[in-house]
Amino acid sequence: MGEDADEARRAAEEAEKAAAEAVERAEEARRRADALAAADASAASETADDEDGDGDLVATVAKAYAFEGAALDIGALVDGGEARPEAQVRIPLAMLNRHGLVAGATGTGKTKTLQVLAEQVAAHGVPVFAADIKGDLSGIGVAGTPSEALTARTASIGQDWKPVATRTELFSLGGVGTGVPIRATVEQFGATLLAKVLDLNATQESSLGLVFHYARKHELPLLRLEDLRAVVQHLTSAEGKADLAELGGLSKATAGVILRELIAFQDAGAGEFFGEPSIDVADFLRTADDGTGIVSLLEVPGVADRPEVFSTFLMFLLTRLFAELPEVGDTDKPRLVFFFDEAHLLFKDASDDFLDVVVQTVRLIRSRGVGVFFVTQTPKDLPGDVLAQLGSRVQHQLRAHTPADAKALKATVSTYPISSYDLAEVLTQLATGEAVVTVMNEKGAPSPVAWTRVRAPQGSMDPMPVETMEALVGSSPLSARYATTTPTSGAADVLAQRAAQPPAQEAPDADTRKGGPGELMPEGWDAPPKRRKSRSRGSSRSTRMSPLDRAVGEASRTFAREVAKRIFGRR
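Residues numbered from 1 in each chain as written. Predicted model: local features only at pLDDT ≥ 70, side-chain atom pairs only at ≥ 80, totals over all residues. Heavy atoms only, no water.

(A) Quick look at the overall build of the protein. Within the protein, the secondary structure is distributed over 19 helices and 14 strands. A sequence separation of at least 24 residues applies to 75% of the contacts in the protein between residues at least 6 apart. For the protein, the computed accessible surface area is about 29700 Å², with 52% contributed by carbon and sulfur atoms. (Helix = DSSP H or I, 4+ residues; strand = E, 2+ residues; numbered from the N terminus. Contact = heavy atoms within 4.5 Å. Areas by Shrake-Rupley, 256 points an atom, 1.4 Å probe, with all protein chains shown as cover.)

Next up, the structure:
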């Protein structure tokens, strides 16, 4: 009986435990059902909210681009083919040092967008530097001319347009063209950037770096191209053979290639870009008397046939800014905004070392208070590491007429945040003067993508007249400082002076004897001739001198010295 009772008790406990587990599983199932129902309700609510947002794009964009601080007005939202002036698209002024991109096919309005941005940056008291590739950006320094078409367009986007001339300073590379000459010494330019201009491969670029190292070590100033040529010529000459061997990694064949490229580069007129006085980048950071920023325009139509030259010079100026400006951190506005036009030329066939310089400069220069906007055709023109640093995008129309175009279009779409737009379709439908825009807001997050009709420039949309440009350059306070080259002695002069010096003669030692006037006699000139050894046919005689012979020899030498003293007056 006892065993039966125990078994029944155990069975009852197991049944009770099973019942409890069933209740717990039922409760868990109920909780899961409630959670799923809540999730479905939340998803339905979010979907409804999204649909409402899609239905009210104007309100969404207007709210997203309504920044608290100062901002640049890019234009008005386009919705249903019409501009909506109540939804203005802007870029926060404080976020310009997070860099940006202005892209689009030729003739879609990139240059006018650049002018619109530059005018407003200067109006906020921030200096601007930009390259004027075709010469049509120079109109920023001349007040615009009103017209009925212009008035109708600006009114439709809510722009209160009025003609304004922005204070402008014109520069030119080495004085080729109209503008204050910009020059740099070869040493300042550096081996990496110069190798890019000379189209050297990686091995030749490394070898050029050795030449720069040799010049610094031997105090040979590299000011002009002829200075660098003179150093390379010296290393490849018979006199420089030992120095060439000292460098180790530089072969004579590679040095010859570098020399040929330098000669061709200089013969093409590039020598004008190098020399002194070199440009002081602080001259790009000036403001006008009324507090507005001065726009520094590098006029480059005169060197349009050598695009790699001016694009690399722009990079040089950017690296100089990075090297010379102190860190300022995040401020309410940048110290300078730098527009890098035709940026794709900079990265064409670039070496890894060159790309490293560009990426590092773009990544770190924002801490110097400098914002950089690259202007090119498609985002794919820029390396991924550079593109990742650009917070704002203004993309004008792209064309997809070829498989390569279609591939570029697809790549461009992938660089934008997810939006309600079919960007692959929109980007091919944009009219001239329209763009797809997203910017970095004041919190550092990307703003919603907005189809935008861009504002019109307040300056002239035609190039500045030639006589106006010449008068502007002539009245510039910088002309007197940079117009004339400084005749400073460089490596070519130093090497020529060293070659002209006679070889140093060693001073005669104490045992050297004098002959006639101006004649040095070798040591031992007064010693008696050595006695020849003679051998007999079966025997030999000792050549050791007898005491008598030594006495005679010593007397002879003493007599000869006394005679020499009396003749030449030696004491």
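Moving on from the coordinates now.
(B) View of empty space enclosed by the protein. One pass over the full model with this rule turns up one cavity of 30 Å³ or more. In this structure, the largest cavity encloses a volume near 50 Å³. In terms of lining, the largest cavity is formed by Thr-111, Leu-114, Ala-131, Asp-132, Ile-133, Lys-134, Asp-136, Leu-137 and Asp-341. Every element with two or more residues in the lining of the largest cavity is listed here: helix H3 (110-123) and strand E4 (128-132). Looking at the lining of the largest cavity residue by residue, the classes come out as four nonpolar, one polar and four charged. (1 Å grid on protein atoms, 1.4 Å probe; cavity = no way out; pocket = protein on both sides within 12 Å on 5 of 7 lines; lining within 4 Å. Points joined across faces, edges and corners; volume = space filled by probe spheres on them. Nonpolar A, V, L, I, M, F, W, Y, C, P; charged D, E, K, R; others polar.)

(C) Structural context of the side chain of Thr-378. If you trace the backbone, Thr-378 turns up in the loop between strand E9 (370-376) and helix H13 (384-387). Residue Thr-378 is classed as buried on the basis of its relative accessible area, which comes to 9%. Excluding residues within four positions of it along the chain, Thr-378 makes contact with Ala-103, Leu-398, Ala-408 and Thr-412. (Buried < 20%, exposed > 50% of the residue type's maximum accessible area, 1.4 Å probe, protein only.)

(D) Local environment of the pattern of salt bridges. Within this structure, the stated rule accounts for 15 salt bridges. Across the pair Arg-84 and Glu-86 runs a salt bridge, and its minimum N-O distance is 2.9 Å. Arg-84 sits in the partly exposed class, given a relative accessible area of 28%. A salt bridge links Arg-224 to Asp-493; the nearest nitrogen and oxygen atoms lie 3.5 Å apart. Pair noted here: Arg-224 is in the loop between helix H6 (202-217) and helix H7 (225-235) and Asp-493 is in helix H18 (residues 491-500), with a separation of 269 residues, a long-range link. (Salt bridge = Lys/Arg side-chain N within 4 Å of Asp/Glu carboxyl O.)

(E) The arrangement of H6 in detail. With 16 residues, H6 should cover 22 Å at 1.5 Å per step; its first-to-last C-alpha distance of 23 Å lies within 8% of that length. Turning to H6, its buried residues number three or more, namely Gln-204, Glu-205, Ser-207, Leu-208, Val-211, Phe-212, Tyr-214 and Ala-215. Within H6, the buried residues cover an arc of 170° as seen down the axis, which keeps them to one side. Exposed residues pointing more than 90 degrees away from the buried face of H6 are listed as Ala-202, Thr-203 and Lys-217. On the buried face of H6, the contacting elements are helix H5 (186-198), H7, helix H8 (241-247), helix H9 (252-267) and helix H12 (352-364). The N-cap of H6, judged by a side-chain oxygen 3.1 Å from the amide nitrogen of Thr-203 a few residues on, is Asn-201. Positive backbone phi, approximately 55°, marks Glu-219, located one or two places after H6. (Expected span 1.5 Å × (residues − 1). Arc of directions from axis to C-beta. Polar contact = N/O pair within 3.5 Å; in protein donor to acceptor, adjacent residues only side chain to side chain.)

(F) Up close: a negative patch on the surface. Together, Asp-352, Asp-353, Asp-356 and Asp-385 make up a region of like negative charge exposed at the surface. Among the elements that make up the negative patch, the one with the highest residue count is H12 (three residues). Take Asp-353: it is sitting in helix H12. (Patch = residues over 30% accessible without salt bridge, like charges linked within 9 Å, V, L, I, M, F, W, Y side chains within 5 Å. Lys, Arg positive; Asp, Glu negative; His and termini not counted. Charge placed at Lys NZ, Arg CZ, Asp CG, Glu CD.)

(G) Structural context of the packing of H5 against H6. Across the interface, H5 lies against H6 with an axial gap of 8 Å and an inter-helix angle of 160°. Classed by the angle they form, the pair H5 and H6 counts as roughly antiparallel. In this structure, H5 crosses over H6, and the sense of that crossing is left-handed. Contacts between H5 and H6 involve Val-186, Glu-187, Gly-190, Ala-191, Thr-192, Leu-194 and Ala-195 from the first element and Glu-205, Leu-208, Gly-209, Phe-212 and Arg-216 from the second. Here the residues of the contact of H5 with H6 are counted per class, giving six nonpolar, three polar and three charged. (Axes fitted to C-alpha atoms, helices over the stretch in contact; angles between N-to-C directions. Parallel < 35°, antiparallel > 145°, perpendicular 65-115°, else oblique. Left-handed = near helix turned anticlockwise from the far one by under 90°.)

(H) Structural detail: the sheet that holds strand E3 (residues 100-103). Read from one edge of the open sheet, twelve strands run E2-E1-E12-E11-E10-E3-E9-E8-E4-E7-E5-E6, paired in mixed fashion. Each edge of the open sheet is held by one strand with a lone partner, namely strand E2 (82-92) and strand E6 (180-182). When the angles between neighbouring strand axes are averaged without regard to direction, this sheet yields 30°. Note: strand E10 (residues 392-395) against strand E11 (residues 434-438), three bridges, orientation antiparallel. Paired with Arg-393 across the strands is Thr-438, a residue of E11. In the packing of H3 onto the sheet, contacts are made with strand E1 (71-79), E2, E3, E4, strand E7 (295-299), strand E8 (336-341), E9, E10 and strand E12 (450-454), and the angle to E1 comes to roughly 140°. (Pairing = 2+ DSSP bridges.)

(I) Quick peek at the pairing of E2. Of the strand pairs in this sheet, E1 and E2 are connected by eight bridges, and their pairing is antiparallel. Bridging across to E2, Asp-73 finds its partner in Arg-90.

(J) Quick look at the packing of aromatic side chains. Applying the stated criterion across every chain yields a total of 15 aromatic pairs. Plain terms: the ring middles of Phe-273 and Phe-313 are 6.0 Å apart, the flat faces sit at 80° to each other, and that makes the pair edge-to-face. Here Phe-273 is found in the loop between H9 and E7, whereas its partner Phe-313 is found in helix H10 (residues 307-324), with 40 residues between them in sequence. Phe-313 carries the same exposure label as Phe-273, and that label is buried. Seen in terms of ring centroids, Phe-340 and Phe-374 are 5.6 Å apart; in terms of plane orientation they differ by 25°. Their pairing is stacked. You can see Phe-340 sitting in strand E8 and its partner Phe-374 sitting in strand E9, a full 34 residues away along the chain. Ring-pair connections join several aromatic residues into one group, and the members of that group are Phe-129, Phe-171, Phe-284, Phe-338, Phe-340, Phe-347 and Phe-374. (Phe/Tyr/Trp six-rings, centres within 6.5 Å; stacked < 30°, edge-to-face > 60°.)

(K) View of the confidence of the model for the protein. For the protein, per-residue confidence averages 82 on the pLDDT scale, and 77% of positions sit at 70 or higher. The low-confidence segment residues 510-523, where pLDDT is below 50, has 15 contacts with residues more than four positions distant or belonging to other chains. Here residues 532-544 scores under 50 on pLDDT; set against residues more than four positions off or in separate chains, the count is two contacts. (pLDDT = per-residue confidence, 0-100.)

(L) Local environment of the pairing of E1. With eight of nine residues buried, E1 lies mostly within the body of the structure. What sits between E1 and E2 in their antiparallel hairpin is a turn of two residues, with Gly-80 showing a positive phi close to 65°. Alignment of E1 against E12, held across three bridges, turns out to be antiparallel. Across the sheet, the residue bridging to Gly-75 is Val-454, located in E12.

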